[in-house]
Every structure is written in structure tokens, then in C-alpha cells.
Amino acid sequence: MKLGIVGATGAVGQEMIRCLDDLGIKIDELRLGTSHRSAGKTMNTPYGYINTVEVTDAFFDGLDYALFSAGGDISKQFIPIATSQGVRVIDNSSAFRYHDDIPLVVPQVNAADIGDAMLVANPNCTTAIAAVALYPIYQKYGLKKIIMSTYQAASWAGAKGMHELLDNTKRYLDNTDPVVENFKYNLAFNLIPHIDAFQENDYTKEEMKVTWETWKIFHDPKIKISCTAVRIPTLRAHSESIVLETEKVVDVEDIREILRQSPGVMLRDDVAQGIYPMPANATGKYDVEVGRIRKSLVFGDNGVELFVSGDQLLRGAALNAVEILQYMIKN
Ligand SMILES: NC(=O)c1ccc[n+]([C@@H]2O[C@H](COP(=O)([O-])OP(=O)(O)OC[C@H]3O[C@@H](n4cnc5c(N)ncnc54)[C@H](OP(=O)(O)O)[C@@H]3O)[C@@H](O)[C@H]2O)c1
């Protein structure tokens, strides 16, 4: 099995290497692709010390699979080259997510969509985290409306986003001016209700991705979905406050039981003991934490509210991609 990672030195790429090993993926040759900036660097991986190489057309020669995690432009440039050489690709960028003939997959929800596709798209991190928690509820109770507010970490902007938050936190404490490059404003001791570009309807693209991608993954564009996405000064793991209107009358205890048994979910819901999801707990974990489950004061018998925290570099990116790969290999 010959596998290439495009963007291997990035925040997501490094987690991919860890997930490949954790999920027991056997690899005969692992090629680590970067830009010319990091090419030639030696990475210590569970598959041995490997020198990174610059991604060019030749990078894909003889590969069976490639995981892309280097942004949309690189995906647009190199994925057609890879697939034309018979390499099956899983792409982390949004470049191909909305093409009707390209599956967009969260394995716990719609692994069957993968089929024999040469290219499978990985969803936006916020959507993937929510989908794992919401799909079991959707299956039993149906969903009419999803209203979501997100609390998203600096690492959404990759390793450089985390460095900027740490650096500007120090600068704030030292009483010096922040240096802002990866976010619209200084994020340290602040929050920013603006992620990605504003659209004509005044939602941001990040917010619309939750709507578009949940429809595609659940195969149900009838669900009404509204999201407000907010960047907060945490390093890693996104959280989501989610209000649901269901088709059927909800039984909150039954929802807890369903989520307790759902793959990819960890129930953390014991408010008397102070147990609920938090990004600090979700960081580095494969499962999405779900808690604060309660009947909704707004939607009454047909409503439930919950809080979710999930590591967006794992469930929202690397883990999801490697689970798709695992499914492809097995099937
Ligand atoms: N961060 C998240 O939470 C998150 C979640 C879901 C999806 N994603 C998606 O995953 C992708 C990567 O995100 P990230 O956070 O890992 O970014 P990152 O930390 O900035 O890493 C970017 C990676 O891409 C490589 N790269 C850049 N330009 C390249 C080029 N011209 N040719 C080949 N490789 C190149 C970089 O290599 P160098 O070391 O040479 O610069 C690095 O390995 C993006 O598409 C992002 O939207 C990110």
C-alpha cells in the first residue's frame, strides 16, 4: 500500500500520520508532501524517519491513495493529476465538496456514499463534529430545524493560527500591540463573530457550509439550518450550542441512551457532578463530547438542546479522512 499525504507538515497533516498508525493502517511506502519551503525536512513518524518532498506531478507516481490537506488551490491543481493516474484521493479542502458527483462523507453517517469513488471530500470541521452528534437523533426523531452557535478554536487557521494566538496573548500581557495576520482582529482576550467571507445573505461562508454540507451528508435538504460561527481564543477543539426542533416528540433520557451507544460520541452529561463537554477535554480525543442535553423551552415536546465539543483537527479533519481511507481499503 503506497500512500501520499499532501500537506504532511501542517496541523491536519501531522494528525493524519498519528491517525493512520492509531487505526492500524498498514503502509508499505508513505510519501510526505509539502511546499518547497519544508521539502527535505526529516519527520519522525510511526512508520520511521521520512524525508518530506515537494509536491509536483511526479509525487503521485505509483501511489494507491493520497490524503490532501494543503488548501483548496493545491487540491484544485493536483487532484485531477492524481486521480488521472489512478490514485484514490480524500480531500480536506472545500474545493470539491459541493460537486454533485463527489461524495461528502462522515463515515458514521454516510460511509455507503463512498462506493468506488476516486475522490471523496471531507466535510468542514464544524459540520463533521455536529453530524456525528446529530445523526443518531435525526434517525430516531427526525429533524425539522437546527439552530447552531459555534465557539471555534484558533487552530482552524492551522499551526500559524495557534502561534498567532499564543504570541498575541504574550503581547497583551506585556502591554505591547498585537500582530494580526491570520484573523480579522486580535483574538487574544477577544472573540470574533466572523469566520470566512460574508455571503450575499449576510451569513458567512463558514456558517453556510454547515447548512450546505449537513444537507448533503444527511441527504435531506428539507432540514432548516441556521448557524452563527464565532472564533474564540482557545487553541484547539470547536464547541457548538445546538437547538433542535424534531419531527417526533422527544424523550430526553432516550436521547442520552442513544448517544451513549453511538460510535464516535462520548456522552458527558451529568450537570450535578459538573460534567459537560469542554474544548479542554475534547482536545486530542477521537470522540465528540455531547452534554447539556435538555428539553427545549422554545420547541417544547418537539425540541431538544445540547452542547458539543470536538477536536476539529481530528473528527473535523484528520480522523474523518483516515476513517474514510480505512473504509475504502476494507471495501
Ligand atoms: N485546521 C483545521 O482545523 C482544519 C480543519 C478541517 C480542514 N482543514 C483543511 O485542511 C487543510 C490544511 O489545513 P492546516 O490547518 O493543516 O494548514 P497548515 O497547518 O497551514 O498546513 C498547510 C500544509 O500545506 C502545505 N502546503 C502549503 N503550500 C503547499 C504547496 N504549494 N504544495 C504542497 N504543500 C503545500 C504546507 O507545507 P509547508 O510546511 O511546506 O508550508 C503544510 O504542510 C486546509 O485545506 C484546511 O482548510 C483544516
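This one's a predicted model, so the numbers in the text were calculated from it and none came from an experiment.

The rules behind these values
Residues numbered from 1 in each chain as written. Predicted model: local features only at pLDDT ≥ 70, side-chain atom pairs only at ≥ 80, totals over all residues. Heavy atoms only, no water. Near = heavy atom within 4 Å. Polar contact = N/O pair within 3.5 Å; in protein donor to acceptor, adjacent residues only side chain to side chain. Areas by Shrake-Rupley, 256 points an atom, 1.4 Å probe, with all protein chains shown as cover. 1 Å grid on protein atoms, 1.4 Å probe; cavity = no way out; pocket = protein on both sides within 12 Å on 5 of 7 lines; lining within 4 Å. Sits in = over half its atoms within 2 Å of the grid points. Helix = DSSP H or I, 4+ residues; strand = E, 2+ residues; numbered from the N terminus. Nonpolar A, V, L, I, M, F, W, Y, C, P; charged D, E, K, R; others polar. Domains from an automatic or database assignment. Contact = heavy atoms within 4.5 Å. Buried area = accessible area lost by both parts, 1.4 Å probe. Salt bridge = Lys/Arg side-chain N within 4 Å of Asp/Glu carboxyl O. Pairing = 2+ DSSP bridges. Axes fitted to C-alpha atoms, helices over the stretch in contact; angles between N-to-C directions. Buried < 20%, exposed > 50% of the residue type's maximum accessible area, 1.4 Å probe, protein only. Expected span 1.5 Å × (residues − 1). Bend = angle between axes of the 7 residues up to and from the residue.

### Remarks on the site of the ligand
- The immediate surroundings of the ligand are formed by 27 residues, with Thr9, Val12, Ser35, Ser38 and Ser155 found nearest.
- Contact distances for the ligand include 3.1 Å between an oxygen atom and a side-chain N or O atom of Arg37.
- Measuring from an oxygen atom of the ligand, one finds a side-chain N or O atom of Ser38 at 2.4 Å.
- Protein chains bury 79% of the 910 Å² of accessible surface belonging to the ligand in isolation.
- At a threshold of 2 Å from the grid points, most atoms of the ligand map onto the largest pocket.
- Taken together, the elements giving at least two residues each to the shell around the ligand come down to α1 (11–22), α5 (158–173) and α9 (314–330).
- Its residues assigned to classes, the shell around the ligand shows eleven nonpolar, 14 polar and two charged.
- Both domain 1 (2–123 + 317–330) and domain 2 (127–312) contribute no fewer than three residues apiece to the shell around the ligand.

### Regarding the domain arrangement of the protein
- According to the domain assignment, the protein contains domain 1 (2–123 + 317–330) and domain 2 (127–312).
- Computed from C-alpha atoms alone, the centre-to-centre distance between domain 1 and domain 2 is 25 Å.
- Contacts between the two partners involve 20 residues from domain 1, matched on the other side by 19 residues from domain 2.
- Taking both sides of the interface into account, the surface hidden between domain 1 and domain 2 amounts to around 1700 Å²; carbon and sulfur atoms contribute 60%.
- The largest per-residue losses of area from domain 1 upon contact with domain 2 belong to Tyr98, Gln108 and Val109, which jointly make up 31% of the total buried on that side.
- With its nearest N and O atoms 3.2 Å apart, the salt bridge here joins Arg97 to Glu213.
- One can count ten residue pairs in polar contact (both at pLDDT 80 or more) joining domain 1 with domain 2.
- Those elements giving two or more residues to the side of domain 1 that touches domain 2 turn out to be α1, α3 (107–110) and α9.
- The element contributing the most residues to the side of domain 1 that touches domain 2 is α1, with five residues.
- When grouped by side-chain class, the residues that make up the side of domain 1 that touches domain 2 number eleven nonpolar, four polar and five charged.

### What to know about the sheet that holds strand β12 (residues 265–267)
- Strand order in the open sheet formed by six strands is β10-β9-β11-β14-β13-β12, and the pairing between neighbours is mixed. Since the sheet does not close on itself, it has two edges, and those belong to β10 (224–231) and β12, each with one partner. Between one strand and the next, the sheet's axes are offset by a mean angle of 25°, whatever the strand orientation.
- As paired elements, strand β9 (residues 143–152) and strand β11 (residues 238–246) share eight bridges and run antiparallel to each other. The partner of Thr150 across the bridge, within β11, is Glu240.

### Structural notes on unusual backbone geometry
- Phi at Asn175 takes a positive value of approximately 65°, unusual for a residue other than glycine.
- With a phi angle near 55°, Phe189 is a residue other than glycine that sits in the positive phi range.
- Summarising the element assignment, Phe189 is placed in the loop between α5 and α6 (205–218).
- Exposure remark for Phe189: the relative accessible area of 53% places this residue in the exposed category.

### Description of helix α2 (residues 72–84)
- The terminal C-alpha atoms of α2, which comprises 13 residues, lie 18 Å apart, in line with the 18 Å expected from a rise of 1.5 Å per residue.
- Remark: the principal bend of α2, roughly 35°, maps to Phe78, with a proline, Pro80, within the next four residues.
- When α2 is considered as a whole, its buried residues turn out to be Ser75, Phe78, Ile79 and Ala82.
- On its buried side, α2 packs onto β6 (65–68), β7 (88–91) and β8 (119–121).
- Positive backbone phi, at 85°, marks Gly86, one or two positions downstream of α2.

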